[in-house]
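Fold and contact review
Below, each chain spelled out in residue letters.
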Amino acid sequence: MNTQIENLKAALPRVPARQQDFAGSLIHQFERKGDLSNKQWYWVQKLAEDAEFAGVPDFTKETETVGQMHGLIKLFETAKEHLKYPAIALQLPDGGPYGSNVWYGRVSPDGVWQKSGAVESDLAMSRKVQTLLKALSADPAGTASAYGKLTGHCCFCRRKLEDEKSTAVGYGPVCAKHYNLPYGSKVSAFNCN
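Just so we're clear, the structure is a prediction, and the values are computed from it rather than from any experiment.

Even without glycine at this site, Arg158 takes up a positive phi of about 65°. Owing to a relative accessible area of 36%, Arg158 belongs among the partly exposed residues under this scheme. Phi is positive for Asn180, which is not a glycine, with a value near 55°.

Inspection of every chain in the model, using the stated rule, returns six aromatic pairs. The interplanar angle of 20° and the centroid separation of 3.9 Å between the aromatic rings of Phe156 and Tyr179 together place this pair among those described as stacked. Of this pair, Phe156 sits in the loop between helix H7 (140-151) and helix H8 (164-169) while Tyr179 sits in the segment after helix H9 (173-178), and the two are 23 residues apart along the sequence. Comparing Phe156 with Tyr179, the two get one shared label, buried.

The end-to-end C-alpha separation of helix H3 (residues 38-52) is 21 Å, in line with the 21 Å expected for 15 residues at 1.5 Å each. Gln40, Trp41, Val44, Leu47, Ala48 and Ala51 are the residues of H3 that are buried. Axial view of H3: buried residues confined to an arc of 130°, hence all on one face. Along H3, the residues that are exposed and aim more than 90 degrees away from the buried face are Asn38 and Lys39.

Turning next to the confidence of the model for the chain. In this model, the chain carries an average pLDDT of 85, and 87% of its residues clear a pLDDT of 70 or more. Considering each helix and strand of the chain separately, the mean pLDDT is smallest for helix H5 (residues 117-120), with a value of 77, and largest for H9, with 94.

What follows deals with the nonpolar core. Core analysis: the largest hydrophobic core is formed by 28 residues, its most contacted members being Ile88, Phe156, Tyr171, Tyr179 and Leu181. Contributing elements (two or more residues each) for this core: helix H4 (70-79), helix H6 (123-138), H7 and H9. A per-element tally of this core places H6 first, with four residues. In terms of nonpolar packing, the next biggest core, distinct from the first, is built from 14 residues, Ala11, Ile27, Ala48 and Ala51 among them.

The next thing to look at is the pairing of strand S3 (residues 112-115). Every second residue of S3 is oriented toward a common face, the buried set being Trp113 and Lys115 and the non-buried set Val112 and Gln114. Pairing of strand S2 (residues 105-107) with S3 involves three bridges; the strand directions are antiparallel. Note on S3: the bridge partner recorded for Val107 is Trp113.

The next point concerns H4. Helical periodicity: at 3.6 residues per turn, an α-helix aligns residues three or four positions apart in one direction. Residues of H4 that are buried: Gly71, Leu72, Leu75 and Ala79. The buried residues of H4 occupy an angular sector of 100° when the element is viewed end-on, so they sit on one face. Where the residues of H4 are buried, they touch H6, H7 and H9.

The rules behind each value
- Residues numbered from 1 in each chain as written.
- Predicted model: local features only at pLDDT ≥ 70, side-chain atom pairs only at ≥ 80, totals over all residues.
- Heavy atoms only, no water.
- Buried < 20%, exposed > 50% of the residue type's maximum accessible area, 1.4 Å probe, protein only.
- Phe/Tyr/Trp six-rings, centres within 6.5 Å; stacked < 30°, edge-to-face > 60°.
- Helix = DSSP H or I, 4+ residues; strand = E, 2+ residues; numbered from the N terminus.
- Expected span 1.5 Å × (residues − 1).
- Arc of directions from axis to C-beta.
- pLDDT = per-residue confidence, 0-100.
- Core = buried A, V, L, I, M, F, W, Y, C linked by side-chain atoms within 4.5 Å.
- Pairing = 2+ DSSP bridges.
- Contact = heavy atoms within 4.5 Å.

Shown next, in the form of structure tokens:
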């Protein structure tokens, strides 16, 4: 048997769930054909190595605390009653046009922001994103509202805000209902933390 395939088999329980089918198909194909393409060998090795270091923090990435995201998580939990994949989009005040998405990293529920490479190399951008994430932590509903007012699109469903009331609130009545957010003049007084 092949050592790389054996390593992948041993690592299979630690391979992320979203990649287990792919890893299994590589093993199956090797067992069936006795060989793999160069690209497939690359993935055999990569999946085994990634599984070996699963759960080990990447200390090469810069992290920063931006505030706990429990209010946002509460919004998502409420929305999961109505939506399969609740999500939120944010934009910096001087960001690009709607639709020019940039990935700035990921934030843990406890507010630890693991920055993307694009942000790590740009100190000014890092400060702007940090400010936005701190605002999101402190006031998720207000930040959602501000996004809609800034872009003219709902931060939850990304649809264009058509009527005057939705534009004034920053999100539409359907998303307000799904996320249990106020819709109308009550928005400024709402706090979901």
